[in-house]
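# Chain and residue survey
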Amino acid sequence: MITFSIYYFIWYARINSELSAILGQPRRANSQWWNQIIPFWGLVGLGATAKRLNAAHALVGSPTRVGVFTSWFWAPGWFGSQTRYLQRRVNILHDVLASRTAHPGY
């Protein structure tokens, strides 16, 4: 149980640092791992992460979008599935980025 808790904080920090690098923006307080420890503020951070992920998808021209409400309301309540929900969209973002570098001009 402790391992999964630590993994969640590491995962949250890593995806937000990846999104920060893609968007070229500095990391905000709601993108730090300790944000998820604070009650209710952690949900605000999940919503902000979803917005950053949407901005990154829009930047690379991907049609994929993330539901902000789903990421902070439904997913945490549905067996803590916000990790799977957001990670799937991050994987799509990296697939789009990889295809752009492999096939320039597309």
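Note: the structure precedes this text.
Residues numbered from 1 in each chain as written. Predicted model: local features only at pLDDT ≥ 70, side-chain atom pairs only at ≥ 80, totals over all residues. Heavy atoms only, no water.

### Thoughts on the packing of aromatic side chains
Keep this limit in mind: Two aromatic rings from Phe, Tyr or Trp, using only the six-membered ring of Trp, form a pair when their centres are within 6.5 Å; if the ring planes differ by under 30 degrees the pair is stacked, by over 60 it is edge-to-face, and anything between is tilted. The way it works is that DSSP assigns letters per residue, a run of H or I at least four long becomes a helix, a run of E at least two long becomes a strand, and they are numbered from the N terminus. For every residue, the accessible area obtained with a 1.4 Å probe (protein chains only) is divided by the maximum for its type, and the residue is called buried under 20%, exposed over 50%, and partly exposed between those limits.
Throughout the structure, instances matching the rule amount to 7 aromatic pairs. Judged by centre distance (5.5 Å) and plane angle (85°), the ring pair of Phe 69 and Trp 72 falls under edge-to-face. Of the two residues, Phe 69 and Trp 72 both sit in helix H3 (residues 68-77), 3 residues apart, roughly one turn of that helix. Here the aromatic rings of Trp 72 and Phe 73 are separated by 5.8 Å at their centres, their planes lie at 70°, and the arrangement is edge-to-face. You can call Trp 72 partly exposed: its relative accessible area is 32%. An aromatic cluster of at least three residues, connected via ring pairs, comprises Tyr 8, Phe 9, Trp 11, Tyr 12 and Trp 33.

### Topic: the packing of helix H2 (residues 41-60) against H3
When two helices pack together, you describe them by how their axes are tilted relative to each other and by the distance separating the axes. Just so we agree on the cut-off: Axes, fitted as lines to C-alpha atoms, cover a helix only where it is in contact. Angles between the N-to-C directions of the axes lie from 0 to 180 degrees. The labels follow the angle: roughly parallel below 35 degrees, roughly antiparallel above 145, roughly perpendicular from 65 to 115, and oblique for the rest. Crossing handedness is read from the near helix: turned anticlockwise from the far helix by less than a right angle, it gives a left-handed crossing, and turned clockwise, a right-handed one. Contacts are assigned to residue pairs that have any heavy atoms within 4.5 Å of one another. Note on residue categories: nonpolar means Ala, Val, Leu, Ile, Met, Phe, Trp, Tyr, Cys or Pro, charged means Asp, Glu, Lys or Arg, and polar means any other residue, Gly included.
Their axes nearest at 7 Å, the elements H2 and H3 cross at an angle of 140°. The angle between H2 and H3 places the two elements in the oblique class. In this structure, H2 crosses over H3, and the sense of that crossing is right-handed. From H2, Leu 43, Leu 46, Gly 47, Ala 50, Lys 51 and Asn 54 reach across to H3, where they touch Val 68, Ser 71, Trp 72 and Pro 76. Broken down by class, the residue content of the contact of H2 with H3 amounts to 6 nonpolar, 3 polar and 1 charged.

### Considering the nonpolar core
Defined as follows: In this text, buried Ala, Val, Leu, Ile, Met, Phe, Trp, Tyr and Cys residues form a nonpolar core when linked through side-chain atoms within 4.5 Å.
Ranked by internal contacts, the top residues of the largest apolar core, which has 17 residues, are Trp 11, Leu 53, Val 66, Leu 86 and Leu 93. Counting only elements with at least two residues in this core, the list comes to helix H1 (2-23), H2 and helix H4 (82-102). In terms of residue count, H1 provides more of this core than any other element does, 6 residues in total.

### Things to note about empty space enclosed by the protein
Threshold: Here the term cavity refers to a set of points on a 1 Å grid, laid over the protein atoms alone, in which a 1.4 Å probe fits but cannot get out; the term pocket refers to an open set having protein on both sides within 12 Å along at least five of seven lines, with lining residues being those that place an atom within 4 Å of a point. Grid points are joined across faces, edges and corners, and a volume is the space filled by probe spheres set on the points.
Across all of its chains, the model carries 1 cavity of 30 Å³ or more by this definition. Of the voids in this model, the largest cavity is the one considered here, and its volume is about 50 Å³. Asn 16, Ser 20, Gln 25, Pro 26, Arg 27, Arg 28, Ser 31 and Arg 52 are the residues that line the largest cavity. Classifying every residue of the lining of the largest cavity gives 1 nonpolar, 4 polar and 3 charged.

### Section: H2
Condition: Expected helix span is computed as 1.5 Å times (number of residues minus one).
Taking 1.5 Å per residue as the helical rise, H2 with its 20 residues ought to reach 28 Å, and the 29 Å between its terminal C-alpha atoms agrees with that figure. Looking at the residues trailing H2, positive phi occurs at Gly 61, about 80°.

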